[in-house]
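Summary of structural features
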Amino acid sequence: AQSVSQHNHHVILSEAASLELGCNYSYGGTVNLFWYVQYPGQHLQLLLKYFSGDPLVKGIKGFEAEFIKSKFSFNLRKPSVQWSDTAEYFCAVSGNNRLAFGKGNQVVVIP
Amino acid sequence: EAGVAQSPRYKIIEKRQSVAFWCNPISGHATLYWYQQILGQGPKLLIQFQNNGVVDDSQLPKDRFSAERLKGVDSTLKIQPAKLEDSAVYLCASSLAAGAGNTIYFGEGSWLTVV
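Residues numbered from 1 in each chain as written. Chains lettered and ligands numbered in written order. Predicted model: local features only at pLDDT ≥ 70, side-chain atom pairs only at ≥ 80, totals over all residues. Heavy atoms only, no water.

Describing the sheet that holds strand S8 (residues 75-79) of chain B
Residues and elements named next belong to chain B. Under the convention used in this document: The criterion for strand pairing is that DSSP finds at least two bridges linking the strands in question. Helix and strand assignments follow DSSP, with helices taken as H or I runs no shorter than four residues and strands as E runs no shorter than two, numbered in order from the N terminus. Here an axis means a line fitted to C-alpha atoms, over the contact stretch when the element is a helix, while the angle between two N-to-C directions is reported on a 0 to 180 degree scale.
Pairing is antiparallel across the open sheet formed by four strands, whose spatial order is S1-S3-S8-S7. The open sheet is flanked by strand S1 (5-7) and strand S7 (65-68), the only strands paired with a single partner. The mean inter-strand angle of the sheet, taken between neighbouring strand axes irrespective of direction, is 15°. In terms of strand pairing, S1 meets strand S3 (residues 19-24) through three bridges, oriented antiparallel. Bridging across to S3, Gln 6 finds its partner in Cys 23.

In structure tokens, the structure reads:
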């Protein structure tokens, strides 16, 4: 079964700072990779996904993620965050028709 | 387009009592999922349905948890009897079909507190 590791569970940064959240997975087969976001009081929403092709994936709200197969990583980035990016971010890996989530990163952006 | 509907949103029960959560997926979605999200952790899949059949229930604690999707549309998740460690958010999700190529849409969750 696949597993997902996310580091730095709590991240606090100021507006306009750059954000990078790490995601590492373990799975022996072909995977599909996702980042979900959960804004305060809202449901989980898909931020971006990677299935194949260009390993640099663009998502909504200026987010992007890069799949590095040799490092089993799918890190999320945003060059300049806004206060509205305060949320919890979950990396997820799909393999064998099961979607496994990491523990999440709680991101707080200070105005 | 209506999203995944769940009820109740919040429930507080005493240990050893029972509770049931209801989910109505997005219209036309054949695959339905129940996830458990404990505070500080990511969602964990409890059970996955394809229409009215169970695809994966390997992580469902079957001694106390049960779920059904009798007509292949809405679903009910039951916990009986509840334990303190069952306190969590129970997320229902749906997708057009199974497989990673299908985006999974989540409901707002049902928050359970067992005291």
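Now that the structure is up, let's keep going.
Remarks on the interface of chain A and chain B
Short version of the rule: We call two residues contacting when some pair of their heavy atoms lies within 4.5 Å. Accessible area, probed at 1.4 Å, shrinks when two parts are joined; the buried area is that loss added up over both. The salt bridge definition used is simple: a Lys or Arg side-chain nitrogen within 4 Å of an Asp or Glu carboxyl oxygen. Think of a polar contact as two N or O atoms within 3.5 Å of one another; within protein, one of them needs to be a possible hydrogen donor and the other a possible acceptor, and neighboring residues in sequence only count if both atoms come from side chains.
Contact with chain A, which involves 18 residues of that partner, is made by 20 residues of chain B. Summing the contributions of chain A and of chain B, the shared interface buries around 1500 Å²; its carbon and sulfur component is 54%. Along the contact surface separating chain A from chain B lie zero salt bridges. At the boundary of chain A and chain B, one finds two residue pairs in polar contact (both at pLDDT 80 or more). Contributing elements (two or more residues each) for the side of chain A that touches chain B: strand S5 (32-38), strand S6 (45-50), strand S10 (87-95) and strand S11 (98-101) of chain A. For the side of chain A that touches chain B, the element with the highest residue contribution is S5(A), accounting for four residues.

Remarks on the environment of Val55(B)
Residues and elements named next belong to chain B. Within the secondary structure, Val 55 sits in strand S6 (residues 53-56). On a C-alpha basis, the gap between Val 55 and Thr 31 in space is 9.2 Å, while along the polypeptide they are 24 residues apart. Residues in contact with Val 55, not counting those within four places in the same chain, are Gln 48, Phe 49 and Gln 50.

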